[in-house]
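Each chain is listed here by its residues.
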Amino acid sequence: MEFFVLPSLGDPAVQQVVLASVIVVGAFALAQLVSRIVTPVVMGRWAARDGGGGREPAFPISATMRLAVALVILVAASALRFSEVAAQLILAVATGMAAGLLVHRFARYAGAAAASATLLGLITFAGAVIGTLRGLEPVLEGLNAAGLSIGSRRITLLGVLNGAIVIALLFLGTRLAIRLTGRSIDRASGLDHYQRVLIQKLVAVTLVITALLMGVDLLGIDLTALAVFSGAFGLAVGFGLQKTFGNLLSGLILLMDRSVKPGDVIVVGDTFGWVKKIGVRAVSVITRDGKEHLIPNELLMTERVENWSYSSRDVRVRIPLVVSYESDPELAEALMIQAATESTRVLVTPAPNVWLRNFGERGFEYDILVWISDPEQGVGNVQSEILRRVWVLFRENRIIVPVPQREVRLTSRPADDGGV
């Protein structure tokens with residue numbers, strides 16, 4: 001049995017198809033030739049009538065003449081009455097194309113919009129095809145007859161057209177369903193922006209998979225031949241893409257339980273920054289240095305993560321400071337609170353506070369405690385601003401910040417009596 005069967009050129013049906021194709025090509029070639037001969041004559045008369053102004057007519061003379069001549073030849077050729085449906089279909093489609101394009105150009109010249117002109121052209125095309133074939137049934141018969149055999153399966157133009165229509169309808173239906181569900185989810189209360197995006201993505205994936213399964217069923221595609229391939233693919237996914245799917249599921253879980261959200265300030269290992277986005281594979285964390293770290297989603301599920309803005313965005317900053325024993329501690333504490341209060345990023349509530357932590361070797365060891373609500377803007381800059389202001393106030397009020405001092409004592413060792 002031959003796997004790929006093509007019709008023979010000695011078949012009368014094939015000869016009619018070839019003759020129809022030659023007529024179509026010859027019609028458009030002859031129309032091109034006539035247009036090249038007649039168009040200069042028409043343009044010359046137009047220029048003479050215009051008085052030598054040099055303006056070209058707004059109407060597309062050359063293209064319109066080509067289509068008109070080709071349409072006349074094709075309409076005349078339809079009187080041959082081919083007995084083969086495929087030959088009739090070729091001639092009818094060519095006639096419809098010439099008529100549709102001609103109507104489209106006339107409509108555009110008359111000032112119609114592009115969409116309206118296209119619609120008129122399509123209606124003219126369909127009407128010309130059906131009129132040339134004298135009904136719709138020959139069209140279906142011709143589409144079903146035109147095809148080729150591949151193995152035990154025959155592929156026809158009618159089957160290809162049906163498949164294209166099914167795919168187009170499923171595509172449009174899926175797009176419409178995704179848009180409608182997306183609008184419904186956007187109106188849902190109780191969900192933040194990122195949860196709505198997550199649900200929309202999941203719904204879109206579900207609808208696409210459903211449309212694919214429906215398309216396979218409607219088109220009658222046999223998937224039994226792909227059973228071995230699907231098994232091998234599943235095995236490859238299980239071993240090779242294990243980490244990828246683990247990160248994908250971890251990202252979905254992070255978005256669903258809201259433990260880490262875009263905009264949160266987190267610490268993972270040595271990385272401190274704010275979460276820019278949660279992707280399919282990794283979480284993007286931008287540090288204060290402007291570096292963007294891509295941390296795998298699975299790592300945030302298994303490792304310890306500090307989320308500074310999980311339940312509240314307020315963060316307390318601890319600033320250590322040492323004051324000399326020779327200074328007035330009450331005045332030093334008041335000046336430290338004043339310096340912290342003057343910082344623009346320090347919150348008024350809770351108010352800044354100063355704790356005496358220890359009596360150290362060099363002096364009083366204090367902790368200045370302040371609260372900020374924008375940790376993504378950095379912590380070190382707040383500490384630097386407060387310490388600079390503390391230094392100015394201490395210098396104005398003669399509060400001493402002790403400098404580390406070390407005493408080094410040199411002792412001489414008595415010489416040995418015995419000598420060497």
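Just so we're clear, the structure is a prediction, and the values are computed from it rather than from any experiment.

Conventions we followed
- Residues numbered from 1 in each chain as written.
- Predicted model: local features only at pLDDT ≥ 70, side-chain atom pairs only at ≥ 80, totals over all residues.
- Heavy atoms only, no water.
- Helix = DSSP H or I, 4+ residues; strand = E, 2+ residues; numbered from the N terminus.
- Buried < 20%, exposed > 50% of the residue type's maximum accessible area, 1.4 Å probe, protein only.
- Contact = heavy atoms within 4.5 Å.
- Areas by Shrake-Rupley, 256 points an atom, 1.4 Å probe, with all protein chains shown as cover.
- Pairing = 2+ DSSP bridges.
- Salt bridge = Lys/Arg side-chain N within 4 Å of Asp/Glu carboxyl O.
- Phe/Tyr/Trp six-rings, centres within 6.5 Å; stacked < 30°, edge-to-face > 60°.
- Axes fitted to C-alpha atoms, helices over the stretch in contact; angles between N-to-C directions.

A. Up close: the overall build of the chain. For the chain, the count of helices and strands is 12 helices and 11 strands. Counting all 420 residues of the chain, 31% fall into the buried class. Restricting to contacts in the chain with at least 6 residues of sequence separation, those with at least 24 account for 64%. When the accessible area of the chain is evaluated, it comes to approximately 27400 Å², of which 63% is carbon and sulfur surface.

B. Expanded view of the sheet that holds strand β8 (residues 306–307). Read from one edge of the open sheet, 5 strands run β7-β6-β5-β4-β8, paired in antiparallel fashion. The open sheet has two edge strands with one neighbour each: β7 (292–296) and β8. Where strand β4 (residues 265–268) meets strand β5 (residues 271–278), 4 bridges bridge the pair, whose relative direction is antiparallel. When the bridges of β5 are listed, V268 appears paired with T271.

C. Quick peek at the pattern of salt bridges. Counting across every chain of the model gives 5 salt bridges. Note that R389 and E342 form a salt bridge whose closest N and O atoms lie 2.5 Å from each other. One end of the pair, R389, is in helix α12 (residues 380–396); the other, E342, is in the loop between α11 (329–341) and β10 (353–359), with 47 residues separating them in the sequence. Given a relative accessible area of 29%, R389 falls into the partly exposed group. Residue class for E342 comes out partly exposed when judged on its relative accessible area of 40%. Notably, a salt bridge pairs R357 with E365, separated by 3.4 Å at the nearest N-O pair. Within the structure, one salt-bridge network assembled from shared partners comprises R318, R357, E365 and D367.

D. The packing of aromatic side chains, seen in detail. Evaluated as defined, the whole model comprises 3 aromatic pairs. Pairing Y325 with F364 gives two aromatic rings, centres 4.9 Å apart and planes at 70°, and the pair type is edge-to-face. Separated by 39 residues along the polypeptide, Y325 in the loop between β9 (315–323) and α11 and F364 in strand β11 (residues 364–372) bring together distant segments of the chain. In this structure Y325 comes out as partly exposed when scored by relative accessible area, which is 39%. When its relative accessible area of 11% is taken as the criterion, F364 is described as buried. Plain terms: the ring middles of F364 and Y366 are 6.3 Å apart, the flat faces sit at 50° to each other, and that makes the pair tilted. Y366 gets classed as buried once you look at its relative accessible area, which sits at 0%.

E. Seen up close, the sheet that holds β11. Strands sit in the order β9-β11-β10 across an open sheet of 3 strands; the sheet is antiparallel. The open sheet is flanked by β9 and β10, the only strands paired with a single partner. Adjacent strand axes in the sheet meet at a mean angle of 25° when their direction is disregarded. In this structure, β10 lies alongside β11, joined through 6 bridges in antiparallel fashion.

F. Spotlight on the environment of T206. Note that T206 resides in helix α7 (residues 193–219). For T206, a relative accessible area of 47% gives the class partly exposed. Sequence-wise, T206 and I178 are 28 residues apart; in three dimensions their C-alpha atoms are separated by 9.8 Å.

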